[in-house]
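Close look at the chain arrangement
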Amino acid sequence: MRVKVWGCRGSLPASGPENNTYGGNTSCIQVTQGDTCIILDGGSGILRLGKFLSPEIKEIHVLLTHLHMDHTMGLGFFIPLYNPNIKVHLYGPSTSNEPLVNRLRRYFSPPLFPVRLSELPSHPIIHELNKSEFSIGEVTIQSEFICHPGPTLGYRIMSGKSVFAYLPDHELQMGASNFPNYPEWTSGYEIAKSADLLFHDAAYTSKEYMTKIGWGHSSVRDAIAFGKMCGVKKLALFHHEPTRSDEQLEYMLKESTQHLKLDFEVELCAEGTVYEFE
Ligand SMILES: [Zn+2]
Ligand SMILES: [Zn+2]
């Protein structure tokens, strides 16, 4: 299994020379296993992904965690959606009050976007997900609702013995009664436990989080405590604040980890990074 980062910025694209190391594109991850092509979220990073996609690929599975703009804004610019010879599946969270297809139509319609969902030449196939487990090729996927405003899924992607957990937008303090105690009562635990690699929301410093409770994101300190609780092998901090420069991100990581003795790796997720698993 190969995991490539095409975007790891949170909330708003933030390109600029001060952000070259970690990148400015919003959430988009490509998971490849043999012929299977899975894309996690349709943030602005999906434009470049589409541009560099192998012409051999004829079927693509795009799994959206939720429909906030930073995770969907790239969809209309995803080149395979305009190719009738490519089969595109779009997955996203179900809700009790409105079908996913209707919620996607809001983005794919004026005044937000000139092309309607029904006019896309690839005619994407829509799949609604709840808490579920399913397979795409040799890859098994578990989805589960996690704590974030509006219906939001976390994904656990398994191939062979390797596990990659994806929780880009997740508020740990609101998803547990006494975080970081009681793993089984903590939102996202089943998705991330014993993962080889975890991408987790780490938008804020602990101080910033105190003024942003309920906004749906976690502090670096909480993301690290969650990684420890889940027994992950590697944690890549995700959903970087659009206002934060490379230098500030590195300072934040240093500040948060310098006094900790951790038995797993913690790093800043960076656009362009590739992780390979057996
Ligand atoms: Zn987000
Ligand atoms: Zn969100």
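Residues numbered from 1 in each chain as written. Chains lettered and ligands numbered in written order. Predicted model: local features only at pLDDT ≥ 70, side-chain atom pairs only at ≥ 80, totals over all residues.

Under the annotation held in an unreviewed UniProt entry, the protein carries the name Phosphoribosyl 1,2-cyclic phosphodiesterase and is attributed to Algoriphagus alkaliphilus.

Description of the overall build of the protein
Secondary structure summary: the protein contains seven helices and 14 strands in total. In terms of C-alpha radius of gyration, the protein reaches 18 Å, essentially the compact-globule figure of 19 Å for 278 residues. Structurally, the protein occupies a C-alpha span of about 55 × 40 × 40 Å along its principal axes. For the protein, the residues scored as buried account for 47% of the 278 residues in total. Considering only residue pairs separated by 6 or more positions, the protein has 67% of its internal contacts joining residues 24 or more positions apart. (Helix = DSSP H or I, 4+ residues; strand = E, 2+ residues; numbered from the N terminus. Rg over C-alpha atoms; globule rule 2.2 N^0.38 Å. Buried ≥ 20, exposed ≤ 12 C-beta atoms within 10 Å, placed from the backbone. Contact = placed C-beta atoms within 7 Å.)

Comments concerning the UniProt feature "domain: Metallo-beta-lactamase" (unreviewed entry) in the protein
Within this numbering scheme, the UniProt entry marks residues 25-217 as carrying the feature "domain: Metallo-beta-lactamase" (unreviewed entry). When the span residues 25-217 is considered, its composition is 13% helix and 30% strand, and the gap between its end C-alpha atoms is 18 Å. (UniProt positions renumbered as here; feature names shortened; annotations may be inferred.)

Concerning the pairing of strand β2 (residues 28-33)
Looking at chain direction, strand β1 (residues 2-7) and β2 are connected through five bridges and run antiparallel. Among the inter-strand pairings, G7 is bridged to a residue of β2, identified as C28. As defined by bridge partners, β2 adjoins strand β3 (residues 36-40) across five bridges and the pair is classed as antiparallel. If you follow I29 over to β3, its bridge partner there is L40. If you look at the hairpin formed by β2 and β3, you'll find two residues sitting between the two strands, and G34 has a positive phi there, around 55°. (Pairing = 2+ DSSP bridges.)

Observations concerning unusual backbone geometry
Look at the link from P110 to P111: it is a cis peptide, with omega at 5°. Counting through the fold element by element, P111 comes out in the loop between α3 (100-107) and β6 (125-129). The omega torsion of the bond from F179 to P180 falls at 5°, within 30 degrees of zero and hence cis. Tracing the backbone shows P180 in the loop between β10 (162-167) and α4 (189-192). One non-glycine residue, H123, adopts positive backbone phi at about 45°.

Some thoughts on the sheet that holds β6
The strand order β6-β5-β4-β3-β2-β1-β14 describes an open sheet built from seven strands, whose pairing is mixed. The open sheet is flanked by β6 and β14 (274-276), the only strands paired with a single partner. Direction aside, neighbouring strands of the sheet carry axes that sit 20° apart on average. Across the sheet, α3 lies against β5 (87-93) and β6, angled at about 120° from β6, the strand it touches most. (Axes fitted to C-alpha atoms, helices over the stretch in contact; angles between N-to-C directions.)

A few points about the sheet that holds strand β7 (residues 132-136)
Overall, mixed pairing links the seven strands, which are arranged β7-β8-β9-β10-β11-β12-β13 in an open sheet. Across the chains shown, the open sheet's two edge strands, defined by having one partner strand only, are β7 and β13 (265-268). Here the average twist between neighbouring strands, direction ignored, is 20°. Where β10 and strand β11 (residues 197-201) come together, four bridges link them in parallel fashion. Bridge pairing in β11 places Y166 opposite F199. Each of β11, β12 (234-238) and β13 is contacted by helix α6 (residues 220-230), which is oriented at about 150° to β11, the strand it contacts most.

What about α6?
Owing to its 3.6 residues per turn, the α-helix aligns residues three or four sequence positions apart on the same side. The element α6 is largely enclosed, with a buried count of eight among its 11 residues. Residues of α6 that are buried include every one of V220, D222, A223, I224, F226, G227, M229 and C230, and no others. Where α6 is buried, its residues meet α4, β11, β12, α7 (246-257) and β13. Once α6 ends, the next one or two residues include G231, with phi positive near 65°.

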